[in-house]
Amino acid sequence: SQQGEEDPQALSIQEGENATMNCSYKTSINNLQWYRQNSGRGLVHLILIRSNEREKHSGRLRVTLDTSKKSSSLLITASRAADTASYFCATDGGYSTLTFGKGTMLLVSP
Amino acid sequence: GAVVSQHPSWVICKSGTSVKIECRSLDFQATTMFWYRQFPKQSLMLMATSNEGSKATYEQGVEKDKFLINHASLTLSTLTVTSAHPEDSSFYICSARVQADTQYFGPGTRLTVL
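Predicted model only: the values in this text are computed from it and were never measured.

Draft legend 1. Examining the overall build of chain B more closely. Along its length, chain B carries 0 helices and 11 strands. Ordering the α and β elements of chain B from the N terminus gives β-β-β-β-β-β-β-β-β-β-β. What you see for chain B is a C-alpha radius of gyration of 13 Å, in line with the 13 Å of a compact globule of 114 residues. For the C-alpha atoms alone, the extent of chain B along its principal axes is close to 40 × 25 × 20 Å. Split into buried and exposed, the 114 residues of chain B put 49% on the buried side. Long-range contacts, defined as pairs at least 24 residues apart, comprise 53% of the intrachain contacts of chain B with a sequence gap of at least 6. Entry remark: accessible area of chain B is about 5,700 Å², with carbon and sulfur atoms responsible for 52%. Looking at charge distribution, chain B has the averaged site of its 10 positive side-chain charges lying 5 Å from that of its 9 negative ones.

Structure follows, in structure tokens:
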């Protein structure tokens, strides 16, 4: 069943701007992961944040996790045209199976 | 890093035929692989968990007799779509678990059933 719900469904920004995507989920989790998917391609793992962590950074990516609100956000700073893709959050409830959200389509215009 | 491949990358078949999709872990062994399907502009839906040397575990609503999964070795899992119909047309993606909470995804296979 779909657990993660991302918003917005679509986001269009200019190069250099920041992009923020949000993800909400319903049940308790072991960790939450963010993935990127270019059109018609496989998934690329971006970052994993565990349930006992609140914030994590990786390059231009910043992920936050609020387990009390059952929500997470992904911030991409100084976006580039190459960041254009769909972004999915996925929750791991502790059984190592992932439940994916519906995704956010990000378009970064030059 | 861990690399997962899928073959074929795309396939077109006639209704009623069977199609086999391979998922290989190229530089590591994977006791557990996962199969997902993704409809256009939608999210990934887990179909089944494939365990080496044992029967796959299917998610609710996935027909095990239609989607046959075999995980005969630590580097290969196959998904066979039997008696394919147009509604089976989709993007099928596999992943392999490396560590307890890390999965590496294949590039996907686009299946079109005419």
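Draft legend 2. Geometry of the interface of chain B and chain A. Taken together, the contact pairs 19 residues of chain B with 20 residues of chain A. Taken together, both faces of the contact between chain B and chain A bury some 1,500 Å²; the carbon and sulfur share is 53%. The three residues of chain B that bury the most area against chain A are Ser43, Asp101 and Phe105 of chain B, which together make up 35% of that side's buried surface. Put simply, chain B and chain A have 0 salt bridges between them. Across the contact surface, chain B and chain A share 3 residue pairs in polar contact (both at pLDDT 80 or more). Looking at the side of chain B that touches chain A, the elements that each hand over two or more residues are strand S4 (32–38), strand S5 (44–51), strand S9 (90–99) and strand S10 (102–105) of chain B. By residue number, the principal contributor to the side of chain B that touches chain A is S5 of chain B, which donates 4 residues.

Draft legend 3. Region of interest: the sheet that holds strand S8 (residues 76–81) of chain B. Residues and elements named next belong to chain B. Reading across the sheet, the 4 strands line up as S1-S3-S8-S7 and stay open at both edges, with antiparallel pairing between neighbours. The open sheet has two edge strands, strand S1 (4–7) and strand S7 (67–73), and neither has a second partner. Within the sheet, the average angular offset between the axes of one strand and its neighbour, ignoring direction, is 15 degrees. Two elements, S1 and strand S3 (residues 19–25), share 4 bridges in a ladder whose sense is antiparallel.

Draft legend 4. Spatial organisation of the side chain of Ser73 of chain A. Residue and element names in this part refer to chain A. With respect to the helices and strands, the residue Ser73 is situated in strand S8 (residues 71–76). Here the side chain of Ser73 touches Thr64 through a polar contact of 2.5 Å, side chain to side chain. When sequence neighbours within four positions are dropped, the list of residues in contact with Ser73 reads Met21, Asn22, Trp34, Arg62, Val63 and Thr64.

Draft legend 5. Structural view of the nonpolar core. Residues and elements named next belong to chain B. Of all hydrophobic cores here, the largest spans 24 residues; its most connected members are Trp35, Phe67, Ile69, Leu79, Tyr92 and Leu111. Of all the secondary structure elements, the ones that give two or more residues to this core are strand S2 (10–13), S3, S4, S5, S7, S8, S9 and strand S11 (109–113). Ignoring any residue separated from it by four or fewer positions in sequence, one finds Leu79 in contact with Val19, Lys20, Ile21, Trp35, Phe67, Leu68, Ile69 and Tyr92.

Draft legend 6. Representation of the environment of Gly59 of chain A in the model. Residue and element names in this part refer to chain A. Structurally, the position occupied by Gly59 is in the loop between strand S6 (55–58) and strand S7 (61–66). Taking the relative accessible area as the measure of exposure, Gly59 reaches 79% and is therefore exposed. Note: C-alpha distance between Gly59 and Thr77 (18 residues apart in sequence) is 9.0 Å.

Draft legend 7. Main features of the pattern of salt bridges. Residues and elements named next belong to chain A. For the structure on display, the rule yields 5 salt bridges over all chains. For Glu53, the salt bridge goes to Lys56, with nearest N and O atoms at 3.9 Å. Residue Glu53 is classed as partly exposed on the basis of its relative accessible area of 24%. Judged by relative accessible area, Lys56 falls into the partly exposed class, the value being 28%.

What counts and what doesn't
- Residues numbered from 1 in each chain as written.
- Chains lettered and ligands numbered in written order.
- Predicted model: local features only at pLDDT ≥ 70, side-chain atom pairs only at ≥ 80, totals over all residues.
- Heavy atoms only, no water.
- Helix = DSSP H or I, 4+ residues; strand = E, 2+ residues; numbered from the N terminus.
- Rg over C-alpha atoms; globule rule 2.2 N^0.38 Å.
- Buried < 20%, exposed > 50% of the residue type's maximum accessible area, 1.4 Å probe, protein only.
- Contact = heavy atoms within 4.5 Å.
- Areas by Shrake-Rupley, 256 points an atom, 1.4 Å probe, with all protein chains shown as cover.
- Lys, Arg positive; Asp, Glu negative; His and termini not counted.
- Charge placed at Lys NZ, Arg CZ, Asp CG, Glu CD.
- Buried area = accessible area lost by both parts, 1.4 Å probe.
- Salt bridge = Lys/Arg side-chain N within 4 Å of Asp/Glu carboxyl O.
- Polar contact = N/O pair within 3.5 Å; in protein donor to acceptor, adjacent residues only side chain to side chain.
- Pairing = 2+ DSSP bridges.
- Axes fitted to C-alpha atoms, helices over the stretch in contact; angles between N-to-C directions.
- Core = buried A, V, L, I, M, F, W, Y, C linked by side-chain atoms within 4.5 Å.

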